[in-house]
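Given next are the chains, with one letter for each unit.
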Amino acid sequence: MTGRPLKQIHLAAHFPGVNNTTVWTDPRSGSQIDFSSFRHLAETAERGKFDFFFLAEGLRLREVNGRIHDLDVVGRPESITLLNALAAVTDRLGLAATVNATFNEPYELARRFSSLDHLSGGRAAWNVVTSSDAFTGENFRRGGYLDRADRYTRAAEFVQTAREFWDAVDAPARHRGPHFDVEGRLSLPRSPQGHPVVIQAGDSDGGREFAASAADIIFSRHSTLEAGKAFHADVKRRLAAYGRKPDELKIMPGVTYVLADTDADAQELAAEIRRAQVGPGTTINYLEQVWGFDLSDHDPDGPLPAADPVVDSSLVQGRTRLGDPVALAAEWRAIAAAKKLTSRELVIELTGRQSFIGSAATVAGQIDEFVQNDAADGFILVPHLTPGGLDGFVDGVVPLLQERGVFRQDYTGTTLRSHLGLPTPGER
Amino acid sequence: MPRQLHFSAALDSPGHVSAPHYAALARTAEQGGLDFVTLDDSFAAGPHRPDALATFARIAPETTRIGLVPTVTTTHTEPFHTSISVNTLDWVSEGRAGWLVGVSGTEAEARAFGRRDAAPESDLWSEASDAVEVAARLWDSWEDDAEIRDVATGRFVDRDKLHYVDFEGTHFSVRGPSITPRPPQGRPVVVVALTAADLPERTGLAVRHADVVLLDEPDPAAARSAVGRLRLEAGEQLRVLVRVEVALPDGVAAAALTERIAGAAGVDGFHLVPADPVRDLAAFVRDVAPALRERGILRAGYPGRTLRDHLGLARPLSRYSTAARTAIAAEVSR
Ligand SMILES: Cc1cc2nc3c(=O)[nH]c(=O)nc-3n(C[C@H](O)[C@H](O)[C@H](O)COP(=O)(O)O)c2cc1C
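The rules behind the values
- Residues numbered from 1 in each chain as written.
- Chains lettered and ligands numbered in written order.
- Predicted model: local features only at pLDDT ≥ 70, side-chain atom pairs only at ≥ 80, totals over all residues.
- Heavy atoms only, no water.
- Helix = DSSP H or I, 4+ residues; strand = E, 2+ residues; numbered from the N terminus.
- Rg over C-alpha atoms; globule rule 2.2 N^0.38 Å.
- Buried < 20%, exposed > 50% of the residue type's maximum accessible area, 1.4 Å probe, protein only.
- Contact = heavy atoms within 4.5 Å.
- Areas by Shrake-Rupley, 256 points an atom, 1.4 Å probe, with all protein chains shown as cover.
- Lys, Arg positive; Asp, Glu negative; His and termini not counted.
- Charge placed at Lys NZ, Arg CZ, Asp CG, Glu CD.
- pLDDT = per-residue confidence, 0-100.
- Salt bridge = Lys/Arg side-chain N within 4 Å of Asp/Glu carboxyl O.
- Buried area = accessible area lost by both parts, 1.4 Å probe.
- Polar contact = N/O pair within 3.5 Å; in protein donor to acceptor, adjacent residues only side chain to side chain.
- Nonpolar A, V, L, I, M, F, W, Y, C, P; charged D, E, K, R; others polar.
- Pairing = 2+ DSSP bridges.
- Axes fitted to C-alpha atoms, helices over the stretch in contact; angles between N-to-C directions.
- Core = buried A, V, L, I, M, F, W, Y, C linked by side-chain atoms within 4.5 Å.
- Patch = residues over 30% accessible without salt bridge, like charges linked within 9 Å, V, L, I, M, F, W, Y side chains within 5 Å.
- Expected span 1.5 Å × (residues − 1).
- Near = heavy atom within 4 Å.
- Phe/Tyr/Trp six-rings, centres within 6.5 Å; stacked < 30°, edge-to-face > 60°.
- Lys NZ or Arg CZ within 6 Å of the ring centre and 35° of its normal.

## What about the overall build of chain B?
Here is step 1: Along chain B, the regular secondary structure elements total eleven helices and twelve strands.
Here is step 2: Computed over the C-alpha atoms, the radius of gyration of chain B is 20 Å, within 12% of the 20 Å expected from 2.2 N^0.38 for a compact globule of 334 residues.
Here is step 3: Taking the principal axes of its C-alpha atoms as reference, chain B extends roughly 65 × 45 × 45 Å.
Here is step 4: Counting only residues that meet the buried cut, chain B has 58% of its 334 residues in that class.
Here is step 5: Sequence separation of 24 or more characterises 74% of the internal contacts of chain B that already satisfy a separation of 6 or more.
Here is step 6: Accessible surface, chain B as shown: approximately 12700 Å² in total, 53% of it carbon and sulfur.
Here is step 7: Between the averaged position of the 36 positive side-chain charges in chain B and that of its 46 negative side-chain charges there is a distance of 4 Å.

Pasting the structure below:
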């Protein structure tokens, strides 16, 4: 890498919850809803000079087999409201809310994000997601369903319309399109960032194209070096068609990590955490998503179910099924046979979430390697403990990244755009 | 013996979009021992102001006792989002949230959303009533002890304590349950602003759902009789605060306001609407509040932590809880 200046790493903190990442059985696991928990994680992220703090969204409680899923953390605040409160107790940290473009309207969201940007002094970010299932729709006026093909056309037009509202400082915006026919002006002057930062999470071709055309950050799932490089190359290549430069879109995979004093200790701890994340009930649930029928009598510590999956199953809702179930079952049987795995061990193998495992030095080295090799521009870190799960990373790994000269010693600007090195629209 | 009254104040400051401005005002009101502050909102293009609920969430960590009651409108918004937003304000303020229910009646607001035409206010208020009903059901949809963290069975929640709300109305339906656990106050305080001769739909919403009415009626006799009617219909738990426009440029004005408040009869308190919030709130706290306290009309300090505590309102049981169901069954069988 001689001759090329070191790439600077971007880091974000994801408040964990509403999936099986969080090990809520750990005695150190605190409240998932008290403000103090969010505050602790955000303050830690800011102490670590992170770019931003991130909240996910899910607008209906997940169900399995027609019943509310009860094995994982569940329950979360409304993101924008929570982030406004965090703006009071932080100073520089970006504040990112995941908000659905299907079950909202552009005028209202443009106003809410502009308000967050004003009230935080230029730290707002919006992760635009597009879930559109009728199951979630049952909580909303719109009710139903947006065709899979339409979700990104609506999302793209939604973001475009929001930007028109953000820009319409002197005269009303007027937008006519297939999804929106609106006219109006926000009750706010241009916000500090002009346009709050836009994040995209989603992986399909349509999702990547949408990101290339409209997003500042991609929250991706590709957390191995090879997959990351391929994704990075693919997405960055798409930018030119929109007149954008490669560094105008930051790729930040969501990753977990396990830290210990030595690499061996960390591996041991990682195995322990996986078993805590994938208990017997979670194993059965996961299998049911593929098999499509009730497996409550199946032994999670024995082999995979002998019967074949049911193809047209309505067992799973609020979550996409994992693909062609019969092919998948065959694939899983092959893996289990080759590696001699029980059902639970297989699920652990398949869902193994930890991306970086080791001592602080090892993890710092891996993160740096990913970024310098263009497998990512940074990471969205998901701790497995609330709210203290980021403490060890900030105290152990961040100083090592700083020593390597790949992560800021301190913030140099006040807005999230300045942390990301992105221009402020509307500023000349 | 004079009765202690409840006080609240509007922080509306057209043209201000900065958090420190609102935080300073709320802290002043808190020094004066007021129960809560309100902040107006709408989807109109003017005046310049940020989203009211966002503003109050932003200043919640910078205050400790004062209740925070933003206007949130129901016409173009999703009731589900409103429910979880007000709920979240209660979490971030640790039990100090309220909701001043509003509607959006103008063409311009309708065009900004592009989803429906402007409708008559009477329709909008009956829809608002549905929105409040849905919000309250969603707040109740997690029983207080739904989170069990039962390590032995691996269950984080007891799904029998999470409830579908299954609301079906003319404008929308909502399945539930909420995604946000029941807020600290059980239900944030619902506030409705009324005139003595308001639309039946708006008054009906207040009677069915409000914890507090802000009554805009300058004539004392008319105000008294309106309070009587509201109490009769809504019950003794309703708090009616009469709106009073406040301009306190000097000590004379402060003394006059003190006398006016001390002479009030038949109301639960006042909602102060300052002409100049920065000047008038400071003057109220400095000049009027101590005089009221001396006369036993304004309490010294806060009696508890939550807005319900300040207002003397009990924390409601979830309507879906076993205890509440038993109570209802007993009521019905009598
Ligand atoms: C890393 C990542 C995080 C996501 N987080 C959320 C979320 O918090 N809420 C949500 O509704 N959808 C979330 N999604 C779902 C995406 O918005 C999208 O619906 C999904 O990835 C399918 O789109 P695709 O076919 O383009 O991948 C996430 C997706 C990814 C890849």
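Now that the structure is up, let's keep going.
## Section: the confidence of the model for chain B
Here is step 1: Of all residues in chain B, 99% have pLDDT values of 70 or greater, and the mean over the chain is 95.
Here is step 2: Model confidence for the complex: the whole-complex pTM is 0.96, and ipTM, which rates the interface, is 0.97.

## Quick notes on the pattern of salt bridges
Here is step 1: For the structure shown, the criterion picks out 63 salt bridges over all chains.
Here is step 2: Note that Arg141 of chain A is salt-bridged to Glu127 of chain B, the shortest N-O span being 2.7 Å. With one member in each of two chains, Arg141 of chain A in the loop between α4 (134-137) and α5 (148-167) and Glu127 of chain B in helix α5 (residues 121-140) form a pair that bridges those chains. Glu127 of chain B shares its class with Arg141 of chain A; the two are buried.

## With respect to the interface of chain A and chain B
Here is step 1: Listed as interface residues are 58 residues of chain A and, on the opposing side, 63 residues of chain B.
Here is step 2: In this assembly, chain A packs against chain B so that about 5300 Å² is buried in total across both faces, 59% of it on carbon and sulfur atoms.
Here is step 3: Applying the counting rule to chain A against chain B returns seven salt bridges.
Here is step 4: Between Arg111 of chain A and Asp51 of chain B there is a salt bridge; the shortest N-O distance is 3.7 Å.
Here is step 5: Connecting chain A to chain B are 28 residue pairs in polar contact (both at pLDDT 80 or more).
Here is step 6: Its residues assigned to classes, the side of chain A that touches chain B comprises 24 nonpolar, 16 polar and 18 charged.

## Overview of the sheet that holds strand β4 (residues 98-102) of chain B
Residue and element names in this part refer to chain B.
Here is step 1: What the eight strands build is a closed barrel, ordered β1-β2-β3-β4-β9-β10-β11-β12; its pairing is parallel. Ignoring strand direction, the axes of neighbouring strands in this sheet form an average angle of 30°.
Here is step 2: Inspection of the sheet shows strand β1 (residues 6-10) paired to strand β2 (residues 36-39) by three bridges, in the parallel sense. Residue pairing for β2: Ser8 is matched across the bridge by Phe36.
Here is step 3: In the packing of α5 onto the sheet, the strands contacted are β4 and β9 (189-195), and the crossing angle to β4 comes to about 155°.

## Some points on the nonpolar core
Note on soluble globular proteins: their nonpolar side chains tend to be buried together.
Here is step 1: With 150 residues, the main nonpolar core has Phe50 and Phe393 of chain A together with Phe284 of chain B as its most contacted residues.
Here is step 2: The contacts of Phe284 of chain B, once residues within four sequence positions are left out, are Phe7, Leu34, Leu248, Leu257, Ile261, Leu272, Ala289, Pro290 and Leu292 of chain B.
Here is step 3: Formed by 24 residues, the second largest nonpolar core is a distinct cluster that contains Leu59, Val73 and Val74 of chain A together with Ala131 of chain B.

## Concerning helix α2 (residues 52-59) of chain B
All names here are of chain B.
Here is step 1: Across the eight residues of α2, eight count as buried, placing the element largely inside the fold.
Here is step 2: Taken together, the buried positions of α2 are occupied by Ala52, Leu53, Ala54, Thr55, Phe56, Ala57, Arg58 and Ile59.
Here is step 3: Its side-chain oxygen 3.3 Å from the backbone nitrogen of Leu53, Asp51 forms the N-cap of α2.

## Brief notes about a negative patch on the surface
Residue and element names in this part refer to chain A.
Here is step 1: Taken together, the side chains of Asp261, Asp265, Glu268 and Glu272 make up a negatively charged region of the molecular surface.
Here is step 2: Structurally, Glu268 is set in helix α8 (residues 263-277).
Here is step 3: The exposure class assigned to Glu268 is exposed, which follows from its relative accessible area of 57%.

## Section: α5 of chain A
Here is step 1: Here α5 of chain A spans 30 Å end to end across 20 residues, near enough to the 28 Å set by a 1.5 Å rise per residue.
Here is step 2: Every buried residue of α5 of chain A is accounted for by Arg151, Tyr152, Arg154, Ala155, Glu157, Phe158, Val159, Thr161, Ala162, Arg163, Phe165 and Trp166 of chain A.

## Focus on the site of the ligand
Residue and element names in this part refer to chain A.
Here is step 1: Around the ligand lies a shell of 16 residues, among which Glu57, Ser131, Tyr152, Asp203 and Ser204 are the nearest.
Here is step 2: Here an oxygen atom of the ligand and a side-chain polar atom of Arg151 are 3.2 Å apart.
Here is step 3: Contact between the ligand and Ser204: an oxygen atom at 2.5 Å from a side-chain N or O atom of the residue.
Here is step 4: Relative to its unbound accessible surface of 610 Å², the ligand loses 82% to contact with the protein.
Here is step 5: If you tally residues by element for the shell around the ligand, the top one is α5, at three residues.

## What about the packing of aromatic side chains?
Here is step 1: Under the criterion given, the structure shown has 25 aromatic pairs over all chains.
Here is step 2: Note on Phe370 of chain A and Phe379 of chain A: the rings are 5.7 Å apart at their centroids and 65° apart in plane angle, and the pair reads as edge-to-face.
Here is step 3: Judged by its relative accessible area of 8%, Phe370 of chain A falls in the buried class.
Here is step 4: Seen in terms of ring centroids, Phe7 of chain B and Phe270 of chain B are 6.2 Å apart; in terms of plane orientation they differ by 25°. Their pairing is stacked. Of this pair, Phe7 of chain B sits in strand β1 while Phe270 of chain B sits in strand β12 (residues 269-274); the two residues are 263 residues apart in sequence, bridging distant segments of the chain.
Here is step 5: Using a relative accessible area of 1% as the deciding quantity, one classes Phe7 of chain B as buried.
Here is step 6: Looking at Phe270 of chain B, the relative accessible area reads 4%, which means it is buried.
Here is step 7: Chaining the aromatic ring pairs together yields one cluster made of Phe113, Trp126, Phe158, Trp166 and Phe180 of chain A.
Here is step 8: When the ring centre of Phe135 of chain A is taken as reference, the NZ or CZ atom of Arg60 of chain A above it lies at 3.8 Å.

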